[in-house]
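Okay, here's what each chain looks like letter by letter:
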Protein chains: 2
Amino acid sequence: MYTLSKPTTCFLDAITSPQELKRLSGRELQDLAAEVRQEIVANLSKTGGHLSSNLGIVEITLALHKVFESPKDTLLWDVGHQGYVHKMLTGRRSHFKTLRQYKGLSGFVTPVESDHDAFIAGHSSTSISLAVGMAIARDHLKKTNKVVAVIGDGGLTGGMALEAINHLGHIQRDVIIVLNDNEMSISENLGGIAQYMKRIKETFFYKDIKSKLDLIEDRLDQVQLTPAVWEMILSVKKQAKEKFDTPGIVFEKLGINYSGPIDGHDVAAVIAAFNAVKDKSTPQLVHIITRKGKGYEPAERDSIKYHGVSAFSLEPPLTEKFEPVQPVQPIKAKAKTYSDIFSEALIELAELEPNMVAITPATAEGSGLVRFGKIYPERFFDVAICEQHAVTMAAGMAKAGLKPVVSIYSTFLQRALDQVIHDVAILKMPVVFGIDRGGLVEDGETHQGVFDIAMLRAIPNFMLLAPRNATELRNMLYSALKKNEGPVAIRFPREKAVEAENLEPFALVDYTKWQTVQTINAHNADKPPVVLLAYGAMVATAQSAMPALEKVAGQVTLINASSAKPLDAALLRDLLADSHAKIITLEEGCLSGGFGAAVLEFASAEKMRHPQNKQADVFCMGIADHFVEHGARSILLNENALSAEKIVEFVKKVGA
Amino acid sequence: MYTLSKPTTCFLDAITSPQELKRLSGRELQDLAAEVRQEIVANLSKTGGHLSSNLGIVEITLALHKVFESPKDTLLWDVGHQGYVHKMLTGRRSHFKTLRQYKGLSGFVTPVESDHDAFIAGHSSTSISLAVGMAIARDHLKKTNKVVAVIGDGGLTGGMALEAINHLGHIQRDVIIVLNDNEMSISENLGGIAQYMKRIKETFFYKDIKSKLDLIEDRLDQVQLTPAVWEMILSVKKQAKEKFDTPGIVFEKLGINYSGPIDGHDVAAVIAAFNAVKDKSTPQLVHIITRKGKGYEPAERDSIKYHGVSAFSLEPPLTEKFEPVQPVQPIKAKAKTYSDIFSEALIELAELEPNMVAITPATAEGSGLVRFGKIYPERFFDVAICEQHAVTMAAGMAKAGLKPVVSIYSTFLQRALDQVIHDVAILKMPVVFGIDRGGLVEDGETHQGVFDIAMLRAIPNFMLLAPRNATELRNMLYSALKKNEGPVAIRFPREKAVEAENLEPFALVDYTKWQTVQTINAHNADKPPVVLLAYGAMVATAQSAMPALEKVAGQVTLINASSAKPLDAALLRDLLADSHAKIITLEEGCLSGGFGAAVLEFASAEKMRHPQNKQADVFCMGIADHFVEHGARSILLNENALSAEKIVEFVKKVGA
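Residues numbered from 1 in each chain as written. Chains lettered and ligands numbered in written order. Predicted model: local features only at pLDDT ≥ 70, side-chain atom pairs only at ≥ 80, totals over all residues.

(A) Geometry of the overall build of chain A. The secondary structure content of chain A amounts to 28 helices and 17 strands. Within chain A, the proportion of its 656 residues that are buried is 59%. (Helix = DSSP H or I, 4+ residues; strand = E, 2+ residues; numbered from the N terminus. Buried ≥ 20, exposed ≤ 12 C-beta atoms within 10 Å, placed from the backbone.)

So this is what it looks like as structure tokens:
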């Protein structure tokens, strides 16, 4: 009986490319939109993925493919995770069961999959710059295609998007910006621009003044006026219309033609808006209002919870038609992650450190800072997708006596490296960086947190720490705030925290002194001694390799290298002095310039000081020189030589 | 007789701190301004420095110190090289003869020198973020001081300044932004915002509509109107006034109160403007119009030429009073720099490569691209101080069929590292980066180009090249464009080009194969062989060390390691196989993660493949883990172990 009541997808079934979609009427497209929504919810309930944003952008996507000629016309998706509908309409519908799985369909648009995808985009605020570049190229090559950048209101807070608008307004190229305004980036929508957009929607002042001028005109009709007065009134009306008859005056003033706001769930209205700007040759911005999670009630109610979801049980109403309803449990209760430990420690520390403040660039949800923000709203700063501003603002705060903690993902810290160098490190500002998602994540090439160790390590005056368990994370944070001496980065993976139960009170610890975690001895006494220098989360992985190592190796010492900068020079000197030993560094980051490289550099400098001394050999485990694709973290770790099994293989390979 | 006619500085002489300045009247301040200008020109004619911008900001600086209480109130200078006047007024006048000299007065504001300087700022667009941070701290700590951010119209194009304005407009803290609008960043003023500011100055529309409404009112007075009509007219006027009676509507809409434009050379007007906003508690922007080079005619005529000057001969009129006039020769004819070679090669290549375009983020002058822009205006893109946008736009261009060359200083590339990773490298976009000022410069900590090798080397899919002479620079550029296969960075120092005469036509060369430059043999046959692997400009330095090495060392081979990524694996393998050899890497960049680290990593990986083989020792010369201060390039190179002399010492030290 269930199969019969499964919703039909007769329109969607007929679409193998955007061509078929073009034949549909407005009414039929509205039906298609409903089918697309059902399919997205059904698919994502099995695979997980970005639900809310894709439900919100259904009609915009349909209208784009109706009006423009992809791939001849280029559609650029700012933050490609809103591209699921686009993927469905461009021949990838049948692959959705592999969404975000290893070797499966990417969670982002990507040219690897389709000519309809021009770029991969995991970070925000890139689409307008890409569009400007492609439009300049088009003009230079005398082509005539359109270039359309789709950007969210969150993406528009990013400095580079504003740079691009500023440039586009100046050079006046033919670029269409579709502003998908759902009043919300990943967390709350923030900033003057967002508030301005909101006011546009709330009050159309221009309408007001116009209607009043109309009324004046009507009433004056009843009195005798000279022609000169009439002329003047008409001239004022005309000027008012020209200058103010637009809710998008800020964009207009910057040289971007504005149209909107448009109801983004009225597909006919969106199509009409696109048709109206399609043949213009100047920069256009179409302001479209959508609702995240549109059409799936639980997601509409709480679009943040449904921003990126794991596989989930379907709730009514969509599913009751075709599947037995399961208990409502969209996100499973989980063991505590490092993010949880970090954010809970911040809340505890807020009492001890009254001048501590927390800053996040639009990742309050992912970093677990929402609760901190609720308890300490005056000490919590979500600056929207503005990593650069977040870091430099923190430098200002530190200078003026606060203790700022910047919570930021490793991959997004790349956006603010200059600020870290220029505004924080040169003057040794005591800013604490909680670097979340340091290491591999399942979100693909754009989100891998693998460069932070190498890049931060090059910066003088920095301390780089990584905890091996929950207690260390807490104490690193506590100690950094307590000492308040200079910039400290504390890096942890997107992972369940090790030893997260029964946590002790905070303790002041010097993590630049590395500690031995474990030593095993000599089933194979002829083998050279092995020293594992594990950074952060790799300590736990190395621990799990110890039983197997016991069988194949000789003496093995596992050291918790809790600080990648500075290194524990005294300890390292001792270790290097044993010329028979094999030192192996382990890190969840790129090998080029990473923690391992630091140890190699140290060994080389040490050798220079004592050229006659023999030294232990140093070998490095880490992520080779490639971009790591998407897939489950466990798969990626093993593929990138960061599993217990791979450690054992490596130890064998170096002849130990 | 000359001494008598030397201009008096009676007001300036009386000022040892901002306190004395407060007692001066408007008229006296105007006289003080003239004295300050004379002194700046006279000083800079001897030391060099940033002339035009400091002449432009004299009255603003005087007014700031008149109205605000530095250092209790914080003055934040965006790009601190406009802080000379501020330095003069805060006790550092007598140090100007050491300006920008090693161990002398910094060319930027810096807290190392004075409590009146809150931050060091060499990169643009940071001041508003710093101000927001300091204002939040002030409020949290219940202080009452003012925070003033001084930013230029150039700085306002930077994305992070726009992020900060967006945030400030939302959080409504008490911050005063002083926009020093001289219609010109380093090169031409660009962008929609700049054009908007220009229109503000040109036409005050609001005045127009207001005067027309007044006129209507007057004329209607003569006719009989009902009270309701009158009321309506007044209501329209009021609304028009509220909403439009400001030329800064864009800022107002974003939540920043605007006042201006103010004549920035009328010190009384500037003081009045500051007094008017001083006691407000909401974000304020004061828009002040100044003229770069104001008061020194040659600099007013050509403020770009006088942006940053070397010591120069004074021209009339200022100097004729007190110094014999010397021939007009403000900048001496110089040998060709690498920038010259690069920009001239671009012009030549433009013929061969019709789809090549050049991009610069506001450094057209410094990079020598002005001439390219004049010859090929349609293929030249100065995007203002927008490094992020520049890089991602280039990715869009490459995708759509152009061959973009991004000319960017090493230090400013730090602003766009995420874009290099995310938009260029992941998809292997063939973007060519001409990395100018790679290495040490005399401009101080903020401008040292020492991190690029380490940071770019961590990024997969990248090729990192550095030329040892003019021919190599030309051929690297040519070959990268010809092959058009993926991102290539070509790095060169701010230095006269080696072998810049009689250049050959372009040739396609594979620079990933390193070449031996020179081998000297064995005055000291008992010494181990030394291999110098020199990257880029270090080849020439190493060459100059060869005669001295001949006396102290055995066999010395100098190899031009033209590519830091990829390394020449075959050659390196051979070199490492000679276990007696001492391999020494040389680079003008940070040791942490740099080219030397790459060789160490390679040697370690090689050792892993053949654990039984003995290897040559690898030692690294480069810049240690510290921020390099300002001073002449030759001094800094020697201080940082990058001179011929230091190479000889190093070779001795490693026992070779």
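Additional details are given in the paragraphs that follow.
(B) How the structure looks around the relation of the copies chain A and chain B. Least-squares fitting of chain A to chain B yields an RMSD of 0.2 Å, with the transformation described by 0.1 Å of translation along the axis and a rotation of 180°. Here the symmetry operator amounts to a two-fold rotation axis. Comparing interface residues between copies, 100% of those in chain A also lie at the interface in chain B; the contact surface is shared. (Least-squares fit on C-alpha atoms with pLDDT ≥ 70 in both. Contact = placed C-beta atoms within 7 Å.)

(C) Spotlight on the sheet that holds strand E14 (residues 556-560) of chain B. All names here are of chain B. Pairing in this open sheet of 5 strands is mixed, and the strands run E12-E14-E13-E16-E17 from one edge to the other. Either end of the sheet is taken by a strand with one partner, and the two such strands are strand E12 (515-520) and strand E17 (617-623). Recorded for the sheet is a direction-independent mean angle of 20° between the axes of neighbouring strands. The sheet contact formed by strand E16 (residues 582-590) and E17 spans 6 bridges and is parallel. In the strand pairing of E17, Ile 583 is matched with Val 618. Against the sheet, helix H25 (residues 595-609) engages strand E13 (530-534), E16 and E17, with an angle of about 140° to E16. (Pairing = 2+ DSSP bridges. Axes fitted to C-alpha atoms, helices over the stretch in contact; angles between N-to-C directions.)

(D) Layout of the domain arrangement of chain A. Residues and elements named next belong to chain A. We note that the domain assignment places domain 1 (70-204 + 247-295), domain 2 (338-491) and domain 3 (515-653) within chain A. A straight line from the C-alpha centre of domain 2 to that of domain 3 covers 27 Å. Facing the 24 residues of domain 2 at the interface are 30 residues of domain 3. Put simply, the parts of the chain that give the side of domain 2 that touches domain 3 at least two residues each are helix H22 (452-457) and strand E10 (463-465). Tallied by class, the residues present in the side of domain 2 that touches domain 3 amount to 13 nonpolar, 3 polar and 8 charged. (Domains from an automatic or database assignment. Nonpolar A, V, L, I, M, F, W, Y, C, P; charged D, E, K, R; others polar.)

(E) Broad picture of unusual backbone geometry. In this chain, Lys 565 of chain A is followed by Pro 566 of chain A through a cis amide linkage whose omega measures -5°. Within the element layout of this structure, Pro 566 of chain A appears in the loop between strand E15 (563-565) and helix H25 (569-577).

(F) Seen up close, the sheet that holds E10 of chain A. Residue and element names in this part refer to chain A. If you walk across this open sheet you meet the 7 strands as E7-E6-E8-E9-E11-E10-E15, and the pairing is mixed. Sheet topology places strand E7 (380-382) and E15 at the edges, where each strand pairs with a single neighbour. With direction set aside, neighbouring strand axes in the sheet form an average angle of 20°. Along the sheet, helix H23 (residues 470-483) makes contact with strand E6 (356-360), strand E8 (403-409), strand E9 (432-436), E10 and strand E11 (488-491), crossing E11 at roughly 170°.

(G) Structural context of the packing of helix H18 (residues 387-399) of chain B against helix H20 (residues 417-425) of chain B. All names here are of chain B. Running from N to C, H18 and H20 point in directions that differ by 10°, and their axes come no closer than 9 Å. Taken together, the axes of H18 and H20 lie roughly parallel to each other. On the side of H18, the interface is formed by Gln 388, Val 391, Thr 392 and Ala 395, while H20 contributes Gln 419, Val 420, Asp 423 and Val 424. Here the residues of the contact of H18 with H20 sort into 4 nonpolar, 3 polar and 1 charged. (Parallel < 35°, antiparallel > 145°, perpendicular 65-115°, else oblique.)

(H) Just the pairing of strand E13 (residues 530-534) of chain A, in detail. Residues and elements named next belong to chain A. Among the 5 residues that make up E13, 5 are buried, leaving the element largely enclosed by the rest of the structure. What you see with E13 is no split at all: Val 530, Leu 532 and Ala 534 on one side and Val 531 and Leu 533 on the other are buried throughout. With 5 bridges connecting them, E13 and strand E14 (residues 556-560) associate as parallel partners. Counted as the bridge partner of Val 531 is Thr 557 from E14. Between E13 and its parallel partner E14, the chain crosses via helix H24 (residues 538-552), and the hand of that crossover is right-handed. Taken together, the 5 bridges between E13 and strand E16 (residues 582-590) define a ladder with parallel strand orientation. In the strand pairing of E16, Val 530 is matched with Lys 582. (Right-handed = clockwise from strand over helix to strand, strands pointing away.)

(I) Inspection of the nonpolar core at higher detail. Ile 490 of chain A together with Ile 490 of chain B are the most contacted members of the largest nonpolar core, which totals 402 residues. For Ile 490 of chain A, the contacting residues outside a window of four places in its chain are Val 432, Phe 433, Gly 434, Ile 435, Leu 465, Pro 467, Leu 473, Met 476, Leu 477 and Ala 480 of chain A. (Core = buried A, V, L, I, M, F, W, Y, C linked by C-beta atoms within 7 Å.)

(J) Fine view of helix H4 (residues 26-47) of chain A. All names here are of chain A. Between the first and last C-alpha of H4 there are 31 Å, a value that for 22 residues agrees with the 32 Å anticipated at 1.5 Å per step. Taken as a whole, H4 has its buried residues at Leu 29, Leu 32, Ala 33, Val 36, Gln 38, Ile 40, Val 41, Leu 44 and Ser 45. Each element contacted by the buried residues of H4 is listed here: helix H2 (10-13), helix H5 (52-56), helix H6 (58-67), helix H7 (84-92) and helix H14 (267-278). (Expected span 1.5 Å × (residues − 1).)

(K) Broad picture of helix H26 (residues 595-609) of chain A. Compared with the 21 Å implied by 1.5 Å per residue over 15 residues, the 21 Å span of H26 of chain A between its first and last C-alpha is a close match. Buried residues of H26 of chain A: Phe 595, Gly 596, Ala 597, Ala 598, Val 599, Leu 600, Glu 601, Ala 603, Ser 604 and Lys 607 of chain A, and no others.

(L) The environment of Arg 93 of chain B, seen in detail. Within the secondary structure, Arg 93 of chain B is located in the loop between helix H7 (84-92) and helix H8 (127-140). Distance in space between the C-alpha atoms of Arg 93 of chain B and Met 429 of chain B is 51 Å, their sequence separation being 336 residues.

(M) Seen up close, the packing of helix H24 (residues 569-577) of chain B against H25 of chain B. Residue and element names in this part refer to chain B. Contact pair H24 / H25: the axes reach a minimum separation of 11 Å and the direction vectors enclose 70°. The angle between the axes of H24 and H25 places the two elements in the roughly perpendicular class. Counted together, Leu 572, Arg 573 and Leu 576 of H24 and Val 599, Phe 602, Ala 603 and Glu 606 of H25 form the full contact between these two elements. Tallied by class, residues from the contact of H24 with H25 come to 5 nonpolar, no polar and 2 charged.

(N) Quick look at the confidence of the model for chain A. Residues and elements named next belong to chain A. For chain A, per-residue confidence averages 88 on the pLDDT scale, and residues scoring 70 or more make up 87% of the total. Across residues 1-5, where pLDDT falls below 50, the model places 4 contacts with residues more than four positions away in sequence or in other chains. Every residue in residues 316-331 is under pLDDT 50, and counting partners more than four places away or in other chains gives 31 contacts. The ipTM, which scores confidence in the relative placement of chains, is 0.86 for this predicted complex, and the corresponding pTM is 0.87. (pLDDT = per-residue confidence, 0-100.)

(O) Here's a closer look at the environment of Arg 468 of chain A. Residues and elements named next belong to chain A. Within the fold, Arg 468 resides in the loop between E10 and H23. By C-beta crowding, Arg 468 is classed as buried, having 24 other C-beta atoms within 10 Å. In this structure, the C-alpha to C-alpha distance between Arg 468 and Leu 32, residues 436 residues apart in sequence, is 50 Å. With residues near it in sequence (within four places) discarded, Arg 468 still touches Val 498, Gly 536, Val 539, Ala 540, Asn 560 and Ser 562.

(P) Looking closely at the environment of Ser 634 of chain A. Residues and elements named next belong to chain A. Within the fold, Ser 634 resides in helix H27 (residues 633-639). C-beta crowding within 10 Å serves as the criterion here: with 12 such atoms nearby, Ser 634 is assigned to the exposed category. When the C-alpha positions of Ser 634 and Glu 442 are compared, they lie 9.1 Å apart, and in sequence the two are 192 residues distant.

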